[in-house]
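Report on the structure
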Amino acid sequence: MSTAIETGLYVFLLATFVGFEVIRRVPPLFHTPLMSLTNAIAGISLVGSLVIAGSDHGVTSTVLGAIAVTASTINVVGGFLITDRMLKMFKPREARKPATAAKVAANGAGTSAVVASEGASR
Amino acid sequence: MSTAIETGLYVFLLATFVGFEVIRRVPPLFHTPLMSLTNAIAGISLVGSLVIAGSDHGVTSTVLGAIAVTASTINVVGGFLITDRMLKMFKPREARKPATAAKVAANGAGTSAVVASEGASR
Amino acid sequence: MNDYVIPLCYLAAGGLFIVGLKGITQPKTARRGLQAAELGMLFAIVGTLLHKEIIDFTWIIIAFVVGSVIGALMAVFVPMTAMPQRIALSHAFGALAAGLVGTAEYYNHQPEIGAFTMAAITLEVLLGFLTFTGSLMAFGKLHELLPGRPQVYPGQNYVNISVLLVAVGAGVWLVVDPAQTWLFPVIAVLAAAFGVMLIIPIGGADMPTVISLLNSYAGLSAVAMGFALDNKALIIAGALDGSAGFLLSVIMCRAMNRSFTNVLFGAFGQADTSAAAGGAVEERPVRSATTEEAAMLLETARSVIIVPGYGLAVAQAQHRIRELADVLTRNGAEVRFAIHPVAGRMPGHMNVLLAEADVPYDQILDMDEINADFAQTDIALVVGANDVTNPAARTDKNSPIYGMPILDVDAARTVMVVKRGMKAGFAGVENELYFQDKTLMIFGDAKKVAEGLVHDLEATVRA
Amino acid sequence: MNDYVIPLCYLAAGGLFIVGLKGITQPKTARRGLQAAELGMLFAIVGTLLHKEIIDFTWIIIAFVVGSVIGALMAVFVPMTAMPQRIALSHAFGALAAGLVGTAEYYNHQPEIGAFTMAAITLEVLLGFLTFTGSLMAFGKLHELLPGRPQVYPGQNYVNISVLLVAVGAGVWLVVDPAQTWLFPVIAVLAAAFGVMLIIPIGGADMPTVISLLNSYAGLSAVAMGFALDNKALIIAGALDGSAGFLLSVIMCRAMNRSFTNVLFGAFGQADTSAAAGGAVEERPVRSATTEEAAMLLETARSVIIVPGYGLAVAQAQHRIRELADVLTRNGAEVRFAIHPVAGRMPGHMNVLLAEADVPYDQILDMDEINADFAQTDIALVVGANDVTNPAARTDKNSPIYGMPILDVDAARTVMVVKRGMKAGFAGVENELYFQDKTLMIFGDAKKVAEGLVHDLEATVRA
Ligand SMILES: NC(=O)c1ccc[n+]([C@@H]2O[C@H](COP(=O)([O-])OP(=O)(O)OC[C@H]3O[C@@H](n4cnc5c(N)ncnc54)[C@H](OP(=O)(O)O)[C@@H]3O)[C@@H](O)[C@H]2O)c1
Ligand SMILES: NC(=O)c1ccc[n+]([C@@H]2O[C@H](COP(=O)([O-])OP(=O)(O)OC[C@H]3O[C@@H](n4cnc5c(N)ncnc54)[C@H](OP(=O)(O)O)[C@@H]3O)[C@@H](O)[C@H]2O)c1
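Each value, and the rule that gives it
Residues numbered from 1 in each chain as written. Chains lettered and ligands numbered in written order. Predicted model: local features only at pLDDT ≥ 70, side-chain atom pairs only at ≥ 80, totals over all residues. Heavy atoms only, no water. Near = heavy atom within 4 Å. Polar contact = N/O pair within 3.5 Å; in protein donor to acceptor, adjacent residues only side chain to side chain. Areas by Shrake-Rupley, 256 points an atom, 1.4 Å probe, with all protein chains shown as cover. Helix = DSSP H or I, 4+ residues; strand = E, 2+ residues; numbered from the N terminus. Nonpolar A, V, L, I, M, F, W, Y, C, P; charged D, E, K, R; others polar. Domains from an automatic or database assignment. Phe/Tyr/Trp six-rings, centres within 6.5 Å; stacked < 30°, edge-to-face > 60°. Buried < 20%, exposed > 50% of the residue type's maximum accessible area, 1.4 Å probe, protein only. Contact = heavy atoms within 4.5 Å. Buried area = accessible area lost by both parts, 1.4 Å probe. Salt bridge = Lys/Arg side-chain N within 4 Å of Asp/Glu carboxyl O. Least-squares fit on C-alpha atoms with pLDDT ≥ 70 in both. Axes fitted to C-alpha atoms, helices over the stretch in contact; angles between N-to-C directions. Parallel < 35°, antiparallel > 145°, perpendicular 65-115°, else oblique. Left-handed = near helix turned anticlockwise from the far one by under 90°.

**Re the site of ligand 2**
Residues and elements named next belong to chain D. Around ligand 2, 30 residues are found, and the nearest of them are Val-342, Asn-386, Asp-387, Arg-420 and Asp-445. A distance of 3.4 Å separates a nitrogen atom of ligand 2 from a polar backbone atom of Ala-343. Here a nitrogen atom of ligand 2 sits 2.8 Å away from a polar atom, N or O, in the main chain of Ala-446. Out of a free accessible area of 920 Å², ligand 2 has 96% covered by protein chains. The set of elements that each furnish at least two residues to the shell around ligand 2 consists of helix H8 (207-229), helix H9 (232-256) and helix H13 (310-315). Class assignment of the residues belonging to the shell around ligand 2 gives a composition of 15 nonpolar, 9 polar and 6 charged. Looking at which domains feed residues into the shell around ligand 2, each of domain 2 (92-265) and domain 3 (281-462) gives three or more.

**Points about the packing of aromatic side chains**
All names here are of chain C. Counting across every chain of the model gives 14 aromatic pairs over all chains. When the ring of Trp-173 is compared with that of Trp-182, the centres are 5.6 Å apart and the planes differ by 90°; the resulting orientation is edge-to-face. The exposure class of Trp-173 is partly exposed, given its relative accessible area of 39%. The exposure class assigned to Trp-182 is partly exposed, which follows from its relative accessible area of 46%.

**Considering the interface of chain A and chain B**
Contacts between the two partners involve 11 residues from chain A, matched on the other side by 11 residues from chain B. Buried area between chain A and chain B, both sides added, is near 990 Å², and the carbon and sulfur share of it is 72%. The largest contributions to the chain A side of the interface with chain B come from A:Leu14, A:Glu21 and A:Arg25, which together make up 46% of the buried area. Taken together, chain A and chain B are joined by 2 salt bridges. We note a salt bridge from A:Glu21 to B:Arg25, for which the minimum N-O separation is 2.2 Å.

**A look at the relation of the copies chain A and chain B**
Superposition of the two copies of the chain requires a rotation about an axis together with a shift along that axis. Overlaying chain A with chain B gives an RMSD of 0.0 Å, the required rotation being 180° about an axis along which the chain moves by 0.0 Å. When the rotation and shift are considered jointly, the pair of chain copies conforms to a two-fold rotation axis. No C-alpha of chain A lies nearer the rotation axis than that of A:Val18, which sits 2.6 Å from it. Most of the interface of chain A is mirrored in chain B, where 100% of its interface residues are also at the interface.

**Observations concerning the packing of helix H2 (residues 31-42) of chain B against H9(D)**
One way to put it is that H2(B) packs onto H9(D) with a least axis distance of 9 Å and a crossing angle of 155°. If you check the angle between H2(B) and H9(D), you find them roughly antiparallel. Note that H2(B) runs across H9(D); the crossing there is left-handed. Facing B:His31, B:Leu34, B:Met35, B:Thr38, B:Asn39, B:Ile41 and B:Ala42 of H2(B), the residues of H9(D) in contact are D:Ala237, D:Asp241, D:Ala244, D:Leu248 and D:Ile251.

**Some words on the site of ligand 1**
Residues and elements named next belong to chain C. Within the structure, ligand 1 sits among 30 residues, and Tyr-310, Val-342, Asn-386, Asp-387 and Arg-420 are positioned closest to it. In the model, an oxygen atom of ligand 1 is placed 2.8 Å from a nitrogen or oxygen of the Arg-420 side chain. Within the backbone of Gly-421, an N or O atom sits 3.1 Å from an oxygen atom of ligand 1. About the coverage of ligand 1: the protein hides 95% of its 910 Å² of free accessible area. Secondary-structure elements contributing two or more residues to the shell around ligand 1 are helix H8 (207-229) and helix H13 (310-315). Of all the elements, H13 adds the most residues to the shell around ligand 1, at 3 residues. Taken together, the residues of the shell around ligand 1 sort by class into 15 nonpolar, 9 polar and 6 charged.

**A closer look at the domain arrangement of chain C**
All names here are of chain C. Each assigned domain of chain C is listed with its residue range as follows: domain 1 (1-77), domain 2 (92-265) and domain 3 (281-462). Put simply, the middle of domain 1 and the middle of domain 2, counted by C-alpha atoms, are 24 Å apart. If you look at the interface, domain 1 gives 7 residues, while domain 2 gives 6 residues. For the pair domain 1 and domain 2, the two sides together bury roughly 530 Å², of which 85% comes from carbon and sulfur. Contact with domain 2 buries area across many residues of domain 1, yet Tyr-10, Phe-17 and Leu-21 alone supply 58% of it, more than any other trio. Our count for the domain 1 to domain 2 interface comes out at 0 salt bridges. In this assembly, domain 1 and domain 2 are joined by 0 residue pairs in polar contact (both at pLDDT 80 or more). Ranked by the residues each element gives to the side of domain 1 that touches domain 2, the list is headed by helix H1 (residues 2-23), at 6 residues. The residue inventory of the side of domain 1 that touches domain 2, partitioned by class, reads 6 nonpolar, 1 polar and no charged.

**Considering unusual backbone geometry**
Positive phi is not limited to glycine here, since C:Gln316 has a value of about 50°. On the basis of relative accessible area, C:Gln316 is assigned to the partly exposed category, the value being 38%.

**Describing the interface of chain D and chain B**
Taken residue by residue, the interface counts 104 residues in chain D and 88 residues in chain B. With both sides pooled, the region where chain D packs onto chain B buries about 8,500 Å², and carbon together with sulfur makes up 75% of that total. Along the contact surface separating chain D from chain B lie 2 salt bridges. Close ionic contact of D:Arg31 with B:Asp84 constitutes a salt bridge, the shortest N to O distance being 3.0 Å. Applying the counting rule to chain D against chain B returns 18 residue pairs in polar contact (both at pLDDT 80 or more). Ranked by residues supplied to the side of chain D that touches chain B, first place goes to helix H4 (residues 83-109) of chain D with 16 residues.

Below is the structure:
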């Protein structure tokens, strides 16, 4: 068995174990960002695409490579940006914008407990 | 960089990730069996020992190899057997030997709830 | 020098991708994880650009700029409600790249490819083109460019599987006898055709499971590319992608108590259509209420659990619902959100929508965390959710959703349901919940009703 | 043929080891996991025996038989209380094998070893012999062949570190200039010496942390062997071993609120000795009771939490304590066991001892699971545990155990403490708990006291 195959099999086996172990711990809260992050990571097909777009194997090869680079780059750039956009939206209770607290405070008695806890955490 | 080093580094990196992810999930209940199981697995040094004990590099090498094989085999055989012995001891509440239930039953009133629950699970 | 730098770049990339995924297991570390993954990608790209095979950067730069612009625009402008489509589209891009790279590799090195590399390339192209067309179809159904209903005809499954088998057979033949170069385009075309045919019989609402599965295929095609190019970073990234997609689809299937086979070949969701077409909706009395009446009840509630579903996403009502939650909180009620694993249009979708509307994530609870609390809750407010609250899943052995774990909204003292009419949900079954005495229907579009409730509640509170 | 069979055997072994460890994360799958690991080892051995370098099986068979017999005898006859020693001994065996293999490899191939392989062999030998002698020392201290007290002298840490640095420096020199063959034995001897010197200043009760760390070193020496022999199954097994040892020692350090440095270089447990020697034990009044008096109280208790500690293991009292738990249960009380992560003589040791005595594992709870329940408990019965129940960890900033998470036994309505006298525990600090009004001391050997309690309780119940 060639070392390339053997090594490939080891890396695949181990990476799959790691993948399953890590991803099973991702809470449902983050399932959508998880998908978009793995999308971005799958943009790793850039690695193959770049070499083909930049090497000297005739026009067809270069064009196929350029399309592949475009497609992969969309995934990388788009995937990371959108994951970041999503993750920024997730905030714990304490981190809500002060405006809310102000509004709440203006509302008096019934909610004083809530106000107190919000105030304390800042 | 030679492929052997490269591959080795990948395998080490990934296996360490797997190790940490899996072992952090082992409950304290099983920390002792875990240690004895990894001991057994570390008997994998047999792989190196066997080749040295069996190959033709002079007496010294063979003797060193034979000692190494003995030491590794103690780990493998002893480690697996003792882990098995330990794991067999861990039983959930329902699986306790009937004798206990009988003794309990003979004790009447105060414990009828316990008896009932033990009975139902069998 | 590069003999060391390039392999170490790839090694770092592989490690950083894993660190990235580990980050996203916790809210606190999620963004740091993202940055680790970004750094990993940077390493991978730098390592690749150092390859001495690359002699001309013109096309690389052009393609990179074009891709970046498109990617950035998509990332900035896509609304959160359109996440499922976007994900489907990006599977298509990734798979297309894999397919094209495989094709170029084949034609560039064609006569001297070893059997193993040939097998890897064939697999890469097969999975690549299959996932490409399949994901485009999924995109079409999710974006409602294509009809969402399952399109079925007799013997369909056999035809589909035959196409796949022929493609695989051709691949094996090509590996065994590399002289048959005409087989290569045949494989590519058959794979693309199978991708389309696979999605045709699957209903639009099953697309989330399907895109998770396509996620997994896209990952596997990257793995195949890694084997073909002997690049371990590719194999790691592909394996992570593959296991993520696979696990998510398993989680969803389990949460629907359905099997993979049923999702892929079951043409589920047909009943839905036929029932709607036949107008077979039964006329049984339900208690319905206006938003004013509902607001009066809500005003007295000390604890409210809001259950958002697919209808909330469709109506884009997340911001209005958050306002409603704010008003209720100001009125002194404890308000929480309960999320079923398959509520909405993709895994975790409801969470993102609520986060977008500024609902703090510790107010959003998973099914397992909150189910026991319904019994101590004054009002369960179901907004555009249906199947995930249907008690038939617990009791009716003949129901298609029997055995699916559900949110126990019927344990709450009062249940309010916001939906447009009495139509069934995705599974096409009637919901006994609506006919219970404790249930109050508030008919209307989720966004409008939420607006009305906020308005009336503010009026009541002020009064 | 073997070109395929051997690598696949190793691949299978690597995978099965992981599956094995995954199994042991849950009681239900633990034994299946063990079987997977055994199968993996079988694959690894078969794969190795197919190597064509092996030409003579005589010595292999002899060594294998001898090893199997010794291993089996040890496995069958070692008592559970002696687990820590046995584990230390098996680290020594594993590390010895690694060191010897490295030595043989070096002398067999000596002039033609590449720099990388040479570095791997050096590391293997260094870690191997260091771990070998270190583990033997740990065995000696645990088995009480050597004095348990830390043996310290001024400047000790500097001397030790110098020895290690010289050994590492010699290793680097040898890799750079392979002609200096005389360096090899120097490295081996220095490593062995360092192993001894490392353990001398560490107290017997810190041995559990130390053996976990040695576990990790033994794993790393297997990894180095894997690099030297280019064998990936070795690297995987070594990495698993290494991460297990490392994680366990981290868990223990955290549970003691101490740092690695403190454990390795802190000569902790000295205070203990000096206090005992100086007879500085303060004479303050405590409430003490006979077993009859205690039995009368226990008879009325509806809920009892038993807190076993190091003293229970020393007294081998696990079977008697289980009988006590049985009698209490028969008397209608709810009985549970609370285990602190560092109670006893090695991680998880208390669990094994209780399991041996037939206590069902769902009656045994970890600190985090049970701490909140002490407040609703009638009697907390502390048997041979001390530091892990000391409230000073919560309140007294000057205490050496300040910040260590403890079992909140003082929240129970009544606390009973079984120990031989008023001596301090491992950390050498007094325990305020014993002077509280709600605390009752029952002085005596844990086993004897437990026997007495069972006897008196049975008498009381019968009466
Ligand atoms: N999330 C996933 O990843 C995923 C994956 C695969 C399958 N599924 C399936 O999708 C379903 C999800 O359950 P679900 O409870 O969220 O949805 P559902 O059962 O499909 O019900 C959604 C309800 O929302 C109502 N609705 C639609 N548009 C509305 C609007 N604009 N305003 C107010 N209400 C509106 C509909 O009733 P009206 O027409 O009467 O308004 C419908 O009954 C499950 O059957 C699940 O198995 C989900
Ligand atoms: N488990 C681990 O892996 C680990 C690792 C590193 C360090 N440690 C350390 O070890 C300590 C463990 O705490 P622990 O509470 O279990 O033990 P401890 O604090 O050392 O106390 C044990 C107590 O048991 C009593 N005892 C000894 N022999 C006895 C016998 N035959 N019958 C009755 N009582 C007996 C002793 O008091 P008398 O002399 O008065 O009888 C002593 O106070 C902690 O300080 C921890 O940091 C543990």
